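Structural overview for review
If you want the building blocks of each chain, they are given just below.
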Amino acid sequence: MLKLGIVGLPNVGKSTLFNALTAAKADAANYPFCTVEPNVGMVEVPDPRLDTLAALVQPRKTVPAVVQFVDIAGLVKGAAEGEGLGNKFLANIRETDAIVHVIRCFDDPDITHVMHGVDPARDREIIEFELALADLTVVEKRLDRTQRAARTGDKDAKTELPALEAAHAALKEGRPLWHAGLTPEQLALLAPLSLLTTKPVLYAANVTDAELAGDEGPYLRALRAAVAASGEHAEVVPFSAKIEAELAELPAGERAEFLGSLGIASAGLDRLIRAGYQLLGLQTYFTAGEPEVRAWTIHRGDTAPVAAGVIHTDFERGFIRAETVGYDDFVANGGWKGAREKGVVRAEGKEYVVQDGDVMLFRFNV
């Protein structure tokens, strides 16, 4: 399951986005720190292939893949020193896979901006700095323990110490680890700490309705330029919190027509989830039978036993083979029976790399 943590300054549209995405009832008032406790919501991953498979197989149950969104109180400049609500809630997003940084890219005199003016590049830097200081606290505690262990001759501590020292040097200057030039080996050693500034980032740019359907405005261009100049591996996804809120109130069958009337191709939810999958190298495979049709999320490059382990660890431990057919072949031949008759079902072993859209049936023995 993909887990995304939502951060940003107050009043940028975080909680409005969260409410719209999850149909949760998190408060979304026009004042800072309205979201006091972290909100957690589950969102179904939109995938028309799942609907097609369900219509074909007629299962008793259809289960989509899901994304978990975690929304925390808005951060302000000085959060790490206790301003506003401080960074006490950041621990709630340390276990997420990626961060969704919501940035305001529109003017509205009726919605207060805590920095007294819209400036996406500045707002991005404020949050980056606060996340870096939050990571600094974690690294300093670990560094102290590791230095003491290394002095006693502990081999693991001696291996970990250079990575911690490099991270500490960058964070002490307020530089997020995205920009610290750490090696993959150093990042792997730091992984158990779940540092925020090592996580991939999606920038959710909250724009006007008109801008979403037409030309990009100066604020969105400024944000794109700032992200590009930083060299950060991140994607900017424009959305309108107002439109997402309106979509959430509509029946599912009316949403496409509503978007079409505005000249918008897809909902912000769809684009955020697609961007998250792309950023993290995720893909989907399916299981399809009379009990249920289900979508499963795995990483690109995962082998068949790893994919089986997403269902249950016993499936991976006792993996024998995977009966596999591509989604297009499965649909074209009317399901398992027709696919077997046409000879397009393959018996794949432990080395098989699962492809996006594969329909799979695992054989295992424990």
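Residues numbered from 1 in each chain as written. Predicted model: local features only at pLDDT ≥ 70, side-chain atom pairs only at ≥ 80, totals over all residues. Heavy atoms only, no water.

In this section: the pairing of strand E9 (residues 292–299). Relative to E9, strand E3 (residues 61–63) runs parallel, the two sharing three bridges. Within E9, the position partnered with lysine 61 by the bridge is glutamate 292. The sheet contact formed by strand E8 (residues 282–288) and E9 spans seven bridges and is antiparallel. Among the inter-strand pairings, leucine 282 is bridged to a residue of E9, identified as histidine 299. Linking two consecutive strands that pair antiparallel, namely E8 and E9, is a turn of three residues. (Pairing = 2+ DSSP bridges. Helix = DSSP H or I, 4+ residues; strand = E, 2+ residues; numbered from the N terminus.)

Let us now look at the pattern of salt bridges. Here the structure, examined in full by the defined rule, presents 18 salt bridges. Note that arginine 294 and glutamate 292 form a salt bridge whose closest N and O atoms lie 3.7 Å from each other. The salt bridge partner of glutamate 323 is arginine 363, with a shortest N-O separation of 2.8 Å. One end of the pair, glutamate 323, is in strand E10 (residues 319–325); the other, arginine 363, is in strand E12 (residues 359–364), and 40 residues separate them in sequence. Residue classification places arginine 363 among the partly exposed positions, given a relative accessible area of 34%. Counted as one network, the salt bridges with shared partners bring together Asp47, Arg49 and Asp356. (Salt bridge = Lys/Arg side-chain N within 4 Å of Asp/Glu carboxyl O. Buried < 20%, exposed > 50% of the residue type's maximum accessible area, 1.4 Å probe, protein only.)

Within the element layout of this structure, valine 45 appears in the loop between strand E2 (39–44) and helix H2 (48–57). Note on valine 45: relative accessible area 12%, which makes it buried. Expressed as a C-alpha distance, the spacing of valine 45 and leucine 2, which sit 43 residues apart in the sequence, is 9.8 Å. Residues within four places of valine 45 in sequence aside, it is in contact with Pro64, Ala65, Val66, Val67, Ile273 and Tyr277. (Contact = heavy atoms within 4.5 Å.)

Bringing the packing of helix H1 (residues 14–22) against helix H8 (residues 241–248) into the picture now. The N-to-C vectors of H1 and H8 enclose an angle of 30°; their axes lie 8 Å apart at closest approach. On the basis of the axis angle, H1 is roughly parallel to H8. In this structure, the crossing between H1 and H8 has a hand that is left-handed. Of H8, the residues touching H1 (which contributes Thr16, Ala20 and Leu21) are Ala241, Glu244, Ala245 and Ala248. In terms of residue class, the contact of H1 with H8 is made up of five nonpolar, one polar and one charged. (Axes fitted to C-alpha atoms, helices over the stretch in contact; angles between N-to-C directions. Parallel < 35°, antiparallel > 145°, perpendicular 65-115°, else oblique. Left-handed = near helix turned anticlockwise from the far one by under 90°. Nonpolar A, V, L, I, M, F, W, Y, C, P; charged D, E, K, R; others polar.)

The next thing to look at is helix H10 (residues 268–280). Along its 13 residues, H10 runs 18 Å from first to last C-alpha, staying within 8% of the 18 Å computed at 1.5 Å per residue. Within H10, ten of the 13 residues are buried, which leaves the element mostly enclosed by the surrounding structure. Within H10, the full set of buried residues consists of Gly268, Leu269, Arg271, Leu272, Ile273, Ala275, Gly276, Tyr277, Leu279 and Leu280. At the C-terminal side of H10, glycine 281 shows a positive phi close to 65°. (Expected span 1.5 Å × (residues − 1).)

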